[in-house]
Amino acid sequence: CGCGPGGCRGGKTDMALRCAASLAAGRQPRGPRREGTVSWSSAAKASAVKINEKASREKILTLESMNPQVKAVEYAVRGPIVLKAGEIEKELRKGIKKPFTEVIKANIGDAHAMGQRPITFLRQVVALCTYPNLLDSPSFPEDAKKRARRILQGCGGNSLGSYTASQGINCIREDVALYIERRDGGVPADPDNIYLTTGASDGISAILKILISGGGKSRTGVMIPIPQYPLYSAAISELDAIQVNYYLDEENCWALNVNELRRALNEAKTYCNPKVLCIINPGNPTGQVQNRKCIEDVIHFAWEEKLFLLADEVYQDNVYSEGCQFHSFKKILYEMGPEYYNNVELASFHSTSKGYMGECGYRGGYMEVINLHPEIKGQLVKLLSVRLCPPVSGQAAMDIVVNPPVPGEESYAQFIKEKESVLNNLAKKAKLTEDMFNKIPGVQCNPLQGAMYAFPRIFIPSKAIEEAKAHKMAPDMFYCMKLLEETGICVVPGSGFGQREGTYHFRMTILPPVEKLKILLEKVRDFHIKFLEKYA
């Protein structure tokens, strides 16, 4: 710092701090160049140490001072079990011996990470949008170029790198509206009711933010299915809302029963103001597909009780079981007549992350919100404006989901072949997983009608439950941690999704390639049998 043996010159604080830092690092601060060793007075040293103590003052942000709502947030899909899996992967890379050679992350629905190949047409259009010079290349089909040019024309400066309107690129919102009309057999959709989002999660969080209000017994209650996708409980905690659980019927293939909705609602009215009802269809983690009658009953219930409906429909392309069909809440609402269609407030969500696309990383999605009060519409756009706009490459990817090649176009044959291959493969893996789980003693798995997960019920002996308590773990967390440590298979305990008291489950994705999935299921079988023997 250039100070002499008398200490920091001029008493300047920044110099003093540098001196203190030098002392703390075990170095002598440099003084003027002179022969011999530079010596410091004891007073100067004491002064520097005192300043250094002040420099390491107590942190402003601590666990005690942080936002308690953020601290309350839990997200099991990337929780402690996944952190442990990461530690094990590091140990394997260092050559530390384990009873396995790799960690299989079956905890999350990340299709491409599990080896699913991208849809060629989608990647071609996004590539053309990202690097428009490729529009002159003969390697790309004309139908891909046509879509890319249209998307780029909707971008400022014809560049994917520019901000877009907060609601998203207008032509893509138009394509989303047309897609909804085709999907729902002609039910009208207005592009002005479409909001492009950063995955479906962004839209769900935004709607919840605008819905939640009040304090005490008037605080907003949000009804969610149990088991549920942890995004909902996490968002409810962050927003300091009241979580209202309704239980799906495991004995009846995870069916949704309106009597259970009514029970949950009536109980909740004693301590909060329930005004939001969330439905996940097809279900995550449970994989059930709601039939038409069930959806009609739910809509009637929401209309009768004046509830705002949230329909999470990101797995709408993932329906496998015979006799099951995806029905959108919007379509059924419309067909129930104007008394319902003109009054029930509904937000529906879709995403590029699931379906046959599996494009999680693009973070593309949309929500359609109908029957929103005009003044609230302005408030929603204002809220979305704070994050400027969703990722523009994700918007482009979403456009290809809703505006794919059609018969007669150059890319149609390859597109439909790739799409059907992915979905047929998932259907085979759903049946394989269900069959293999149900052959394991102490494991029961409902049919995987849709989505991309199994949620088997597992028997855990009382001895194992006691050991879990001794480790301060939920029994199914203890089970899943043992499974990870002994086999390298990472799944998520059912307690992270919610389950009926006294029952235990785990969620596992069915995304690995068939041969790898078979090995995974065999390992789970062998582990479970040994686990039962050990703790019987």
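An unreviewed UniProt entry annotates the protein chain as alanine transaminase of Dasyornis broadbenti. Under the heading Catalytic activity (unreviewed entry), UniProt records this for the protein chain: "L-alanine + 2-oxoglutarate = pyruvate + L-glutamate". Here the protein chain is described in UniProt, under the heading Cofactor (unreviewed entry), as follows: "pyridoxal 5'-phosphate".

A.B. asks: Tell me about the overall build of the protein chain, and please be specific about residues and values.
C.D. replies: Within the protein chain, the secondary structure is distributed over 19 helices and 14 strands. In the protein chain, which comprises 536 residues, the share counted as buried stands at 52%. In the protein chain, 70% of the contacts between residues at least 6 apart in sequence involve partners at least 24 apart. As displayed, the protein chain has an accessible area near 25,100 Å², and 51% of this comes from carbon and sulfur atoms.

A.B. asks: Report on the nonpolar core, specifying residues and quantitative values.
C.D. replies: Ile207, Leu310 and Phe437 are the most contacted members of the largest nonpolar core, which has 122 residues in total. The greatest single-element share of this core, amounting to eight residues, is contributed by helix 16 (residues 412-437). Of the domains in this structure, domain 1 (68-103 + 414-535) and domain 2 (120-402) are the two that each give at least three residues to this core. Among all residues touching Leu310, those that are not within four sequence positions of it are Ile207, Leu208, Leu211, Val276, Leu277, Cys278, Ile279, Ala347 and Phe349. Ala311, Phe329, Ile332 and Val492 belong to the second-largest nonpolar core, a separate cluster that totals 35 residues.

A.B. asks: Tell me about the packing of helix 17 (residues 462-470) against helix 18 (residues 475-487), and please be specific about residues and values.
C.D. replies: The contact between helix 17 and helix 18 brings their axes to 8 Å, and the two run at 95°. Regarding the angle of helix 17 to helix 18, the classification is roughly perpendicular. Listed contacts from helix 18 to Ala464, Ile465, Glu467 and Ala468 of helix 17 are Pro475, Phe478 and Lys482. Each residue belonging to the contact of helix 17 with helix 18 can be placed in one class, and the counts come to five nonpolar, no polar and two charged.

A.B. asks: Hey, could you go over the sheet that holds strand 3 (residues 220-226) for me, with residue numbers and the actual values?
C.D. replies: Reading across from one edge, 2-8-7-6-5-3-4 is the order of the seven strands in this open sheet, with mixed pairing throughout. What marks the edges here is a single partner per strand, and that holds for strand 2 (194-198) and strand 4 (242-247). Across the sheet, the mean angle from the axis of one strand to that of its neighbour is 25°, orientation sign disregarded. Here five bridges tie strand 2 to strand 8 (residues 364-370), and the two strands are oriented antiparallel to one another. Note on strand 8: the bridge partner recorded for Thr198 is Gly364.

A.B. asks: Account for the environment of His471, naming residues and giving values.
C.D. replies: Within the secondary structure, His471 sits in the loop between helix 17 and helix 18. In terms of polar contacts, His471 uses its side chain to reach the backbone carbonyl oxygen of Glu467, at 2.9 Å.

A.B. asks: Which residues make up the confidence of the model for the protein chain, and what are the values?
C.D. replies: With 89% of its residues at a pLDDT of at least 70, the protein chain reaches an overall mean of 89. Considering only residues more than four positions removed or in separate chains, one finds that residues 4-13, a stretch of pLDDT under 50, has 14 contacts. Across residues 31-36 the pLDDT falls below 50, and counting only partners more than four positions away or on other chains, this stretch makes four contacts in the model.

A.B. asks: So, the sheet that holds strand 13 (residues 492-493): which residues are in play, and what are the values?
C.D. replies: What the three strands build is an open sheet, ordered 10-14-13; its pairing is antiparallel. Lying at the two open borders of the sheet, with one neighbouring strand each, are strand 10 (453-454) and strand 13. Pairing geometry for strand 13 and strand 14 (residues 506-509), over two bridges, is antiparallel. Considered in strand 14, the bridge of Pro493 is made with Phe506.

A.B. asks: Describe the pattern of salt bridges, with residues and values.
C.D. replies: Going through the model one piece at a time under the given rule, you end up with 29 salt bridges. Glu102 serves as the salt-bridge partner of Lys516, at 3.4 Å between the closest nitrogen and oxygen. With Lys516 in helix 19 (residues 514-535) and Glu102 in the loop between helix 4 (80-93) and strand 1 (104-105), this pair connects stretches of sequence that are 414 residues apart. According to the relative accessible area criterion, Glu102 is partly exposed, its value standing at 35%.

A.B. asks: Lay out helix 17 with the relevant residues and their values.
C.D. replies: Taken together, the buried positions of helix 17 are Ala464, Ile465 and Ala468. For helix 17, the buried positions fall inside an angular range of 105° around the axis, keeping them on one side. Exposed and facing more than 90 degrees away from the buried side of helix 17 are Ser462, Glu466, Lys469 and Ala470. Buried residues belonging to helix 17 abut helix 18 and helix 19. Just downstream of helix 17 lies Lys472, where phi reads positive at about 55°.

A.B. asks: Which residues make up the pairing of strand 8, and what values go with them?
C.D. replies: Of all seven residues in strand 8, seven are buried, a share of seventy percent or more. What you see with strand 8 is no split at all: Gly364, Tyr366, Glu368 and Ile370 on one side and Gly365, Met367 and Val369 on the other are buried throughout. Both strand 7 (residues 346-351) and strand 8 contribute to a ladder of six bridges, which runs antiparallel. Across the sheet, residue Ala347 finds its bridge partner in strand 8, namely Val369.

A.B. asks: Account for unusual backbone geometry, naming residues and giving values.
C.D. replies: Backbone torsion omega between Asn281 and Pro282 reads -10°, so that peptide bond is classified as cis. One can find Pro282 in the loop between strand 5 (273-280) and helix 11 (292-305). Residue Cys253 is not a glycine yet carries a positive backbone phi of 55°. Assignment of secondary structure puts Cys253 in the loop between strand 4 and helix 10 (258-268).

A.B. asks: Talk me through the packing of aromatic side chains; I want residue IDs and the actual numbers.
C.D. replies: Under the defined criterion, the tally for this structure stands at 14 aromatic pairs. Ring geometry for Phe478 and Tyr535: centres 6.0 Å apart, planes at 75°, overall edge-to-face. Highlighted residues: Phe478 in helix 18 and Tyr535 in helix 19, separated in sequence by 57 residues. With relative accessibility at 3%, the residue Phe478 sits in the buried group.

Basis of the calculations
- Residues numbered from 1 in each chain as written.
- Predicted model: local features only at pLDDT ≥ 70, side-chain atom pairs only at ≥ 80, totals over all residues.
- Heavy atoms only, no water.
- UniProt positions renumbered as here; feature names shortened; annotations may be inferred.
- Helix = DSSP H or I, 4+ residues; strand = E, 2+ residues; numbered from the N terminus.
- Buried < 20%, exposed > 50% of the residue type's maximum accessible area, 1.4 Å probe, protein only.
- Contact = heavy atoms within 4.5 Å.
- Areas by Shrake-Rupley, 256 points an atom, 1.4 Å probe, with all protein chains shown as cover.
- Core = buried A, V, L, I, M, F, W, Y, C linked by side-chain atoms within 4.5 Å.
- Domains from an automatic or database assignment.
- Axes fitted to C-alpha atoms, helices over the stretch in contact; angles between N-to-C directions.
- Parallel < 35°, antiparallel > 145°, perpendicular 65-115°, else oblique.
- Nonpolar A, V, L, I, M, F, W, Y, C, P; charged D, E, K, R; others polar.
- Pairing = 2+ DSSP bridges.
- Polar contact = N/O pair within 3.5 Å; in protein donor to acceptor, adjacent residues only side chain to side chain.
- pLDDT = per-residue confidence, 0-100.
- Salt bridge = Lys/Arg side-chain N within 4 Å of Asp/Glu carboxyl O.
- Arc of directions from axis to C-beta.
- Phe/Tyr/Trp six-rings, centres within 6.5 Å; stacked < 30°, edge-to-face > 60°.

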